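# Structural description and commentary
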Amino acid sequence: MALHVPKAPGFAQMLKEGAKHYSGLEEAVYRNIQACKELAQTTRTAYGPNGMNKMVINHLEKLFVTNDAATILRELEVIEGYEKACKKALEILPDLVCCSAKNLRDVEEVASLLHTSVMSKQYGNERFLAKLIAQACVSILPDSGHFNVDNIRVCKIVGAGISASSVLHGMVFKKETEGDVTSVKDAKIAVYSCPFDGMITETKGTVLIKNAEELMNFSKGEENLMDLQVKAIADSGANVVVTGGKVADMALHYANKYNLMLVRLNSKWDLRRLCKTVGATALPRLTPPTLEEMGHCSSVYLSEVGDTQVVVFKHEKEDGAISTILIRGSTDNLMDDIERAVDDGVNTFKVLTRDKRLVPGGGATEIELAKQITSYGETCPGLDQYAIKKFAEAFESIPRALAENSGVKANEVISKLYAVHQEGKKNVGFDIEAEAAAVKDMLEAGVLDTYLGKFWGIKLATNAAVTVLRVDQIIMAKPAGGPKPPSGKKDWDEDQND
């Protein structure tokens, strides 16, 4: 019989076997600060157009090659002074606004404002991609100005190059039509989440057929039932049927007979998005749809992009308009990176619809904030001034990262930026295109960041830092047990030679 050793009295007695407990300044706070530093260092070298890519393998062993900090973080899993400094930074920020967007329905102007966000992911292709994103966003911007990022879809088709990418007004699916009808105008759409097939009973039965006539009548009854179901759908006014399941041969025959265009979508997500776009209701059974359950769009047609067949749901209605950016590229990884650049551009446009103000990029805003907050820190009495000065120093990390990633001496760039900003030139930032440590006016260069992006970046980063500093205890549960999967060879066909 094993001897039971009692746990030490106190907090450890309340925890399960194998749980870990850290507390106090040394164990908990310093641990969190170190973890945050390492996380910041991981994403720091990915900043700017010259940033390096990271190869991330997530828990599902899926490979990502990206310099998108959000993707990296998603896949990996002094307080009073900071709060005062943050408040001061947010007071200074409106004074640093250098210009505002004038007309968000002008494609050329919008494209110029999206350059900066696209450039950090696709340096060299930013002009082409920014114009593409601008065309897609402007084409579906409603009169109300409430822009929905979900109304910009991305469809990736391997082949050709980035310059072959285009914008299509409507929804695009990499599918072929099931029947003979390949084009319908003024489409009335019936959407079914079930297979386009006859009903199957839940109970099993046995049919005894004695002669050929009975066999003919049996199959004829099934055909008549399917005929009536498809005819009822056609009589309701629908001319396009979208199904989320398989399509039976007999049902396809009758769909062709009644000139119904048939599209099969395997993804439930695509089915839901289509319903939302065209205003349809997904029906669980093959019943004729009512006028309220049917969706509408201008036209549905089969097209060809490269050697890939696509079905286009063209929708020109103002409230539910959707644009699809068709991305072409040589590899899936390349197209994934372009998709992330498109995502950044679309979200930048959404921010501009909420607040049109812009601040200079290239580290200009950060250096000006660092300069002014340092001056503010010197006027503060007590120990708070040290935290405020450190808060100001943290802003230098942005131009410093840009310089280091461009292969330029960071200290030289920082000193030049401070010297220029002391002269009152608030819009001057780091020139990434120069071979040496150089600075230039970001407003003239067109390198601009959104005001709201900076505002929330400062606010949320401060909240994160303050939250970490307030944690003084860490409790880690014991890892879940259970047998581990065998770590043998994946390719069992290979000879295993020792």
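For every chain, the first residue of its written sequence is number 1, and the numbers climb from 1 along that sequence. Local features in a predicted model are, by the rule used here, given only for residues with pLDDT of at least 70; side-chain atom pairs are given and counted only at 80 or more, and totals for whole chains, interfaces and linings are based on all residues. Excluding hydrogens and water, the side-chain figures rest on all heavy atoms present in the structure.

### What to know about the packing of aromatic side chains
- Only rings of Phe, Tyr and Trp enter the pairing, Trp through its six-membered ring, and a pair is recorded when the two centres are within 6.5 Å. The plane angle decides the type: under 30 degrees is stacked, over 60 is edge-to-face, the rest tilted. In the structure shown here, the tally under the stated rule is 6 aromatic pairs.
- Ring geometry for Phe 391 and Phe 395: centres 5.5 Å apart, planes at 75°, overall edge-to-face.
- For Phe 391, a relative accessible area of 9% puts it in the buried group.
- Considering the side-chain rings of Phe 455 and Trp 456, the 5.4 Å spacing of their centres and the 80° angle between planes classify their relative orientation as edge-to-face.
- Residue class for Trp 456 comes out partly exposed when judged on its relative accessible area of 42%.
- An aromatic cluster of three or more residues is present, and its members are Tyr 82, Phe 391 and Phe 395.
- Here Arg 357 stacks its cationic end above the ring of Tyr 451, 3.9 Å away from the centre of that ring. Buried, partly exposed and exposed residues are distinguished by accessible area as a fraction of the type maximum, computed with a 1.4 Å probe on protein chains only: under 20%, between the cut-offs, and over 50%, respectively. Counting as a charge over the ring demands two things of the Lys NZ or Arg CZ atom: a distance within 6 Å of the ring centre and an angle within 35 degrees of the ring normal.

### Focus on the sheet that holds strand S13 (residues 323–329)
- For two strands to pair, DSSP has to find at least two bridges joining them. Runs of H or I in DSSP of at least four residues are treated as helices and runs of E of at least two as strands, each being numbered from the N terminus. The sheet built from 3 strands is open, its strands ordered S5-S13-S6 with mixed pairing. At either end of the open sheet lies a strand with only one pairing partner, and these are strand S5 (152–158) and strand S6 (166–169). Between one strand and the next, the sheet's axes are offset by a mean angle of 25°, whatever the strand orientation.
- Where S5 meets S13, 7 bridges bridge the pair, whose relative direction is parallel. The residue bridging Lys 156 from the neighbouring strand is Ile 327, located in S13. Whenever a helix is involved, its axis is fitted only over the stretch in contact; in every case the axis is a line through C-alpha atoms, and angles between N-to-C directions fall within 0 to 180 degrees.

### Things to note about helix H11 (residues 384–394)
- When H11 is considered as a whole, its buried residues turn out to be Asp 384, Gln 385, Ala 387, Ile 388, Phe 391 and Ala 392. The buried side chains of H11 occupy one side of the element, clustering within an arc of 160° when seen end-on. The directions from the helix axis to the C-beta atoms are what the arc is built from.

### Considering a negative patch on the surface
- For patches, a residue must show more than 30% relative accessible area and have no salt bridge; joins then use 9 Å for like charges and 5 Å for nonpolar side chains, namely Val, Leu, Ile, Met, Phe, Trp and Tyr. Reported accessibility uses the Shrake-Rupley method at a 1.4 Å probe radius. Residues are deemed covered only where the shown protein chains occlude them. Salt bridges are defined as contacts in which a side-chain nitrogen from Lys or Arg sits within 4 Å of a carboxyl oxygen from Asp or Glu. The positive count covers Lys and Arg only, the negative count covers Asp and Glu only, and His and the chain ends enter neither. Charge placement uses NZ in Lys and CZ in Arg. For Asp and Glu, CG and CD serve respectively. A contiguous patch of negative charge on the surface is contributed by Glu 176, Glu 178, Glu 304 and Asp 307.
- The exposed category is assigned to Glu 304, whose relative accessible area is 51%.

### Remarks on the pattern of salt bridges
- A full pass over the atoms with the stated rule returns 18 salt bridges.
- Its salt-bridge partner being Arg 153, residue Asp 270 comes within 3.6 Å of it at the nearest N-O pair. Taken as a pair, Asp 270 in helix H8 (residues 268–278) and Arg 153 in strand S5 lie far apart in primary sequence, 117 residues in all.
- Because the salt bridges share partners, they merge into one network encompassing Lys 156, Asp 336 and Glu 339.

### Details of unusual backbone geometry
- Of note, the phi angle at Ala 160 is positive, near 55°, even though the residue is not glycine.
- With respect to the element layout, Ala 160 can be found in the loop between S5 and S6.
- Taking the relative accessible area as the measure of exposure, Ala 160 reaches 55% and is therefore exposed.
- Even without a glycine there, the phi angle at Asp 186 is positive, about 50°.
- Looking at the element boundaries, Asp 186 is found in strand S8 (residues 183–192).

### A word on the side chain of Thr 462
- With respect to the helices and strands, Thr 462 occurs in helix H15 (residues 451–470).
- Setting aside chain neighbours within four positions, we find Thr 462 in contact with Tyr 82, Cys 86 and Phe 391. Should any heavy atoms of two residues lie within 4.5 Å, those residues are counted as being in contact.

### Points about the side chain of Thr 116
- Considering the arrangement of structural elements, one finds Thr 116 in helix H4 (residues 107–119).
- With residues near it in sequence (within four places) discarded, Thr 116 still touches Gly 446, Val 447, Leu 448 and Asp 449.

### What about the packing of helix H3 (residues 79–92) against H11?
- Two elements in contact, H3 and H11, have axes separated by 8 Å at closest approach and are oriented at 55°. Classed by the angle they form, the pair H3 and H11 counts as oblique. Crossing handedness for the pair H3 and H11: right-handed. Here H3 contributes Glu 80, Gly 81, Tyr 82, Lys 84, Ala 85, Cys 86 and Ala 89 to the contact with H11, which in turn contributes Asp 384, Ala 387, Ile 388 and Phe 391.
- As a working rule, the residues Ala, Val, Leu, Ile, Met, Phe, Trp, Tyr, Cys and Pro are called nonpolar, Asp, Glu, Lys and Arg charged, and the rest polar, with Gly in that last group. Residue classes in the contact of H3 with H11 are distributed as 7 nonpolar, 1 polar and 3 charged. Here roughly perpendicular refers to angles of 65 to 115 degrees, roughly parallel to angles under 35, roughly antiparallel to angles over 145, and oblique to all remaining angles. Crossing handedness is defined as follows: a turn of the near helix away from the far one that is anticlockwise and smaller than a right angle gives a left-handed crossing, while the clockwise case is right-handed.

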